[in-house]
Amino acid sequence: MARSRLDRFLAPWVFVLTGIIFNILSAVITHYFIGLNNDTINDIDREIQRKQVLIDSLWQTKTEIERKKEFFILLLAEPTDKPEVTDAIYRDYLQELLENHGLKEYSARLDRDTGSELDLLLDLSSAAQKSTIESINDTYFETLELQESKMPLVRNNSRLFSIAIFLQVIGLILVLARDLRRG
């Protein structure tokens, strides 16, 4: 009697059904859970990529500020036929620096027109570069935080993938075991 109950429990269809269930679980883990994690990882990667483009753009801005500073040093050092045009171009550039880099504390100094034009240019350029470098640093640290937030998802995917492969292999072994039971 006990032997027949054991034979029913070890019937080939039990092995096949269990193997199929394990393979289905493997597919669900692979295509659903790992897929969700991959979607999140891809979103994080896109954000990292966007921040890297921003960092590159900010470095380019810093370089442009340095080049324009050098240009205006040469322009201010050289006497011109039309000093009002030079002054207008110079003032427009300084105003652009004030607006684009949040340097409102220098606007009074620009309006008063006291001191050397060169000193104002050097101070504004330095402040704009400093502001740009701070933005680069902030963006870089945000990128590092995103990369750190991605690591647990990658580890979780690795663990889920190992479990899915284990279930799939056991499922296949159980499906193939039905043939051994017959023999």
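Each remark here, short or long, concerns the structure printed above.
Model, not experiment: these values are computed from the prediction.

(A) Local environment of the overall build of the protein. Within the protein, the regular secondary structure consists of 5 helices and 0 strands. Classification of the 183 residues of the protein by burial places 28% in the buried group. Total accessible area on the protein stands at roughly 12,500 Å², and carbon and sulfur atoms take up 59% of it.

(B) The arrangement of helix α3 (residues 83-100) in detail. Taking 1.5 Å of rise per residue, the 18 residues of α3 would be expected to cover 26 Å, and the 25 Å separating its terminal C-alpha atoms lies within 8% of that figure. Residues of α3 that are buried: Thr-86, Tyr-90, Arg-91, Tyr-93, Leu-94, Leu-97 and Leu-98. Across the axial projection of α3, the buried residues extend over an arc of 160°, all falling on one side. Along α3, exposed side chains directed more than 90 degrees from the buried face belong to Glu-84, Asp-92 and Asn-100.

(C) Molecular detail of the pattern of salt bridges. Going through the model one piece at a time under the given rule, you end up with 8 salt bridges. The partner of Arg-50 in a salt bridge is Glu-47, and the shortest N-O contact between them spans 2.7 Å. Placement of the pair is Arg-50 and Glu-47 together in helix α2 (residues 12-77), with a separation of 3 residues, close to one helical turn.

(D) Representation of the environment of Leu-76 in the model. Structurally, the position occupied by Leu-76 is in helix α2. Residues Leu-76 and Leu-118 lie 42 residues apart in sequence; the distance between their C-alpha atoms is 7.6 Å. Among all residues touching Leu-76, those that are not within four sequence positions of it are Tyr-90, Glu-117, Leu-118 and Leu-121.

(E) A look at the side chain of Lys-51. When you line up the elements, Lys-51 lands in helix α2. In this structure Lys-51 touches Thr-139, Glu-142, Thr-143 and Leu-146, once residues within four positions along its chain are discounted.

(F) Region of interest: the packing of aromatic side chains. Tallied over the entire structure, the rule returns 5 aromatic pairs. Relative to Phe-72, the ring of Phe-71 lies with its centre 5.1 Å away and its plane at 75°, an arrangement referred to as edge-to-face. Exposure remark for Phe-71: the relative accessible area of 46% places this residue in the partly exposed category. A relative accessible area of 3% places Phe-72 in the buried class. An angle of 20° between the planes, with centres 4.8 Å apart, marks the rings of Phe-72 and Tyr-93 as stacked. A residue pair is termed long-range when its members are at least 10 positions apart, and Phe-72 in helix α2 and Tyr-93 in helix α3 qualify at 21 residues. Accessibility classification places Phe-72 together with Tyr-93 in one group, the buried group. Here the aromatic cluster, defined as three or more aromatic residues joined through ring pairs, consists of Phe-71, Phe-72, Tyr-90 and Tyr-93.

(G) Expanded view of α2. Its 66 residues give α2 an end-to-end C-alpha distance of 95 Å, which sits within 8% of 98 Å, the value for a rise of 1.5 Å per residue. Remark: the principal bend of α2, roughly 35°, maps to Gly-35.

The rules behind the values
- Residues numbered from 1 in each chain as written.
- Predicted model: local features only at pLDDT ≥ 70, side-chain atom pairs only at ≥ 80, totals over all residues.
- Heavy atoms only, no water.
- Helix = DSSP H or I, 4+ residues; strand = E, 2+ residues; numbered from the N terminus.
- Buried < 20%, exposed > 50% of the residue type's maximum accessible area, 1.4 Å probe, protein only.
- Areas by Shrake-Rupley, 256 points an atom, 1.4 Å probe, with all protein chains shown as cover.
- Expected span 1.5 Å × (residues − 1).
- Arc of directions from axis to C-beta.
- Salt bridge = Lys/Arg side-chain N within 4 Å of Asp/Glu carboxyl O.
- Contact = heavy atoms within 4.5 Å.
- Phe/Tyr/Trp six-rings, centres within 6.5 Å; stacked < 30°, edge-to-face > 60°.
- Bend = angle between axes of the 7 residues up to and from the residue.

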